[in-house]
Structures are given as structure tokens and as C-alpha cells.
Amino acid sequence: TGEKETVSKKMADYTVMELIAKANHFSSMMATASPMLKRDLLRRVIMSRTEASERLVFTFCALAFVMVGMPLGVTTHRGETSIGGAISLALVGLNYAFIICVEAFQSNPQLRPDLLVWIPNIVFAVLGPVLIYRLGRR
């Protein structure tokens, strides 16, 4: 047939820029929407922004882990390498567990899950230089 079929994309198929554009589009529609539609549009905005934030967070996770892992790796002695590995795995596990918990908050836009997802990276970005400073004072 000559009809054009449309296939809806999943959130995972969008690029970060497409997600941001999608969130901006839904935001612009909210000005003239009914109260019932506004709730749905706000949910879609938060979902799009959270997905975009998660992708950026995963990009910067490696840098945040390096900032914390360097001083922890320097301070452990040869016999304590398994402890350093365990600490690293625990930090990675906590980070991903936090991100999964934030995804559960997508239904509650007042909590701003698109911003909450950045908390582990911010903590690691602050903790890393503090640990490096403490290591330099030894």
C-alpha cells in the first residue's frame, strides 16, 4: 500500500538532543492545555528530561569514579587490594541503585528526578578532591 506507517520510538531509541527537544515540545504545549492534559504533559516532560539526564550521568560516571578511585587506590597497600576492589564495587553498586530508585520517582515530578539523578556524581566530584587533599597532607 502507499500509506506511510508510523512506528513509535521507545525512550531508549531517542538521542539526548531528541529527548531535550521532546521535553521542550511538551513544555510548550502546557501553556494551552487543560489541567488533566497538563499533568500528562508534565509527566512526559519529566520522563524525557530524566532519560536525558541519566544518559549524561552515565557519561560522567567514569570521571566521578576515577576522582574517588585514585585516592582510594593510592592509600591501599599491596595486601589491601581486595579491600580497594570491594570499596569500588560498593560505590558502583550504590550509584546504580540510586539511579534505579530515582527512576521510580518519575511519577512524582515535584521531586525533580531529572536533577536527583546527578546527586551521586556530585558527591563523588566533591569527595574525590577531599580525599586527594587528605592524601596530600599525610
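Before reading on, note that the structure itself is shown above.
Residues numbered from 1 in each chain as written. Predicted model: local features only at pLDDT ≥ 70, side-chain atom pairs only at ≥ 80, totals over all residues. Heavy atoms only, no water.

Any details on unusual backbone geometry? Residues and values, ideally.
Positive phi is not limited to glycine here, since R112 has a value of about 50°. Relative to the assigned elements, R112 resides in the loop between α3 (81-104) and α4 (113-116). Taking the relative accessible area as the measure of exposure, R112 reaches 34% and is therefore partly exposed. (Helix = DSSP H or I, 4+ residues; strand = E, 2+ residues; numbered from the N terminus. Buried < 20%, exposed > 50% of the residue type's maximum accessible area, 1.4 Å probe, protein only.)

Just give me the short version of helix α5 (residues 119-137), but keep the residues and values in it.
With 19 residues, α5 extends 27 Å between its outermost C-alpha atoms, agreeing within 8% with the 27 Å of an ideal straight helix rising 1.5 Å per residue. For α5, the full list of buried residues reads P120, N121, F124, G128 and L131. Looking down the long axis of α5, one finds its buried residues gathered within 85° of arc, a one-sided arrangement. Turned more than 90 degrees off the buried face of α5, the exposed positions are I122, V126, Y133, R134, G136 and R137. (Expected span 1.5 Å × (residues − 1). Arc of directions from axis to C-beta.)

So, the nonpolar core: which residues are in play, and what are the values?
Counting residues in each nonpolar core, the largest one holds six residues, listed as A23, F26, M30, A33, L41 and V45. Going through the elements one at a time, α1 (16-29) and α2 (35-75) are the ones with two or more residues in this core. With residues up to four places along the chain from it excluded, the contact list for A33 reads K38 and L41. (Core = buried A, V, L, I, M, F, W, Y, C linked by side-chain atoms within 4.5 Å. Contact = heavy atoms within 4.5 Å.)

Break down the state of the cysteines for me, with residues and values.
All chains considered together, the criterion is met by zero disulfides. Free of any disulfide, C61 has its nearest neighbouring cysteine sulfur in C101, separated by 15 Å. By relative accessible area, C101 is classed as partly exposed at 44%. (Disulfide = S-S within 2.5 Å.)

Kindly report on the pattern of salt bridges, identifying the contributing residues and their values.
A complete count under the given rule lists five salt bridges for this structure. Residue E18 pairs with K9 through a salt bridge whose shortest N-O separation is 3.2 Å. A residue is classified by how much of its surface remains accessible, and E18, at 32% relative accessible area, is partly exposed. A salt bridge links D114 to R112, with the shortest nitrogen-to-oxygen separation between them at 2.9 Å. Judged by its relative accessible area of 3%, D114 is buried. In the salt-bridge network here, residues are joined through shared partners; they are D40, R43 and R44. (Salt bridge = Lys/Arg side-chain N within 4 Å of Asp/Glu carboxyl O.)

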